[in-house]
Amino acid sequence: MSYTIIKVLITSLLIVAIAELSKRSSLIGALLASLPLTSVLAMFWLYIDTHDAGRVADLATGIFWLVLPSLVFFVSLPLLLKTGLNFYLSMVLALSATVGCYFIMILILKYCGVKL
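Residues numbered from 1 in each chain as written. Predicted model: local features only at pLDDT ≥ 70, side-chain atom pairs only at ≥ 80, totals over all residues. Heavy atoms only, no water.

Chemist: So what exactly am I meant to see when it comes to the confidence of the model for the chain here?
Modeler: Detailed reading of the predicted coordinates is not advisable wherever pLDDT is low. Counting all residues, the mean pLDDT for the chain is 92, and 100% of those residues have values of 70 or more. Helix 5 (residues 87-111) holds the highest mean pLDDT among the elements of the chain, 96, whereas helix 2 (residues 26-34) holds the lowest, 83. (pLDDT = per-residue confidence, 0-100. Helix = DSSP H or I, 4+ residues; strand = E, 2+ residues; numbered from the N terminus.)

Chemist: Please clarify how a nonpolar patch on the surface should be interpreted in this entry.
Modeler: A surface patch of nonpolar side chains, about 490 Å² in accessible area, is lined by Phe64, Val67, Leu68, Leu71 and Phe74. Tracing the backbone through its elements, the reader meets Leu68 in helix 4 (residues 53-82). (Patch = residues over 30% accessible without salt bridge, like charges linked within 9 Å, V, L, I, M, F, W, Y side chains within 5 Å. Areas by Shrake-Rupley, 256 points an atom, 1.4 Å probe, with all protein chains shown as cover. Salt bridge = Lys/Arg side-chain N within 4 Å of Asp/Glu carboxyl O.)

Chemist: I would appreciate a short explanation of the packing of aromatic side chains in the present structure.
Modeler: Describing an aromatic ring pair means giving the distance of the ring centres and the angle of the ring planes. On inspection of all chains with the given rule, the structure shows four aromatic pairs. Ring geometry for Tyr3 versus Trp45: centroids 6.3 Å apart, planes at 90°, classification edge-to-face. Separated by 42 residues along the polypeptide, Tyr3 in helix 1 (residues 2-24) and Trp45 in helix 3 (residues 37-50) bring together distant segments of the chain. With centroids separated by 5.0 Å and ring planes inclined at 75°, the aromatic side chains of Phe64 and Trp65 adopt a geometry described as edge-to-face. (Phe/Tyr/Trp six-rings, centres within 6.5 Å; stacked < 30°, edge-to-face > 60°.)

Structure, rendered in C-alpha cells:
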C-alpha cells in the first residue's frame, strides 16, 4: 500500500510542478508537459511491479499508436478558444473530438491487425 502512495505522490508532484511552472512560463510548462514523463513513469511502475519487459514494450507500442489521435485535442482546443468559445465548452468539444478519434484509431488498428 505504501508503494502505491509513493507512486501517486511522485506522479502528482510532477503534474503540479508542470502546472506551477506554466504560470511563470508557458514555454517551460509546454516543454515539460510535452515530454512523455507520465508514460515513462507508467513504464517504470509497470516494470517494477511485474519485471515483464514484454508488457512494457506492449505499453510503449500502445502509447505510440494512441498519441496520434490525442493530437486532435491539442489542435482543436486552441482553435475553439481562439474563436471565442467558452473555456469549458471548448474543453468538452475538444475532448469529445479526441475520444471520437481514439475510437476511430482503435477500429483502424484492429482492421489492420494491430493488437493493442
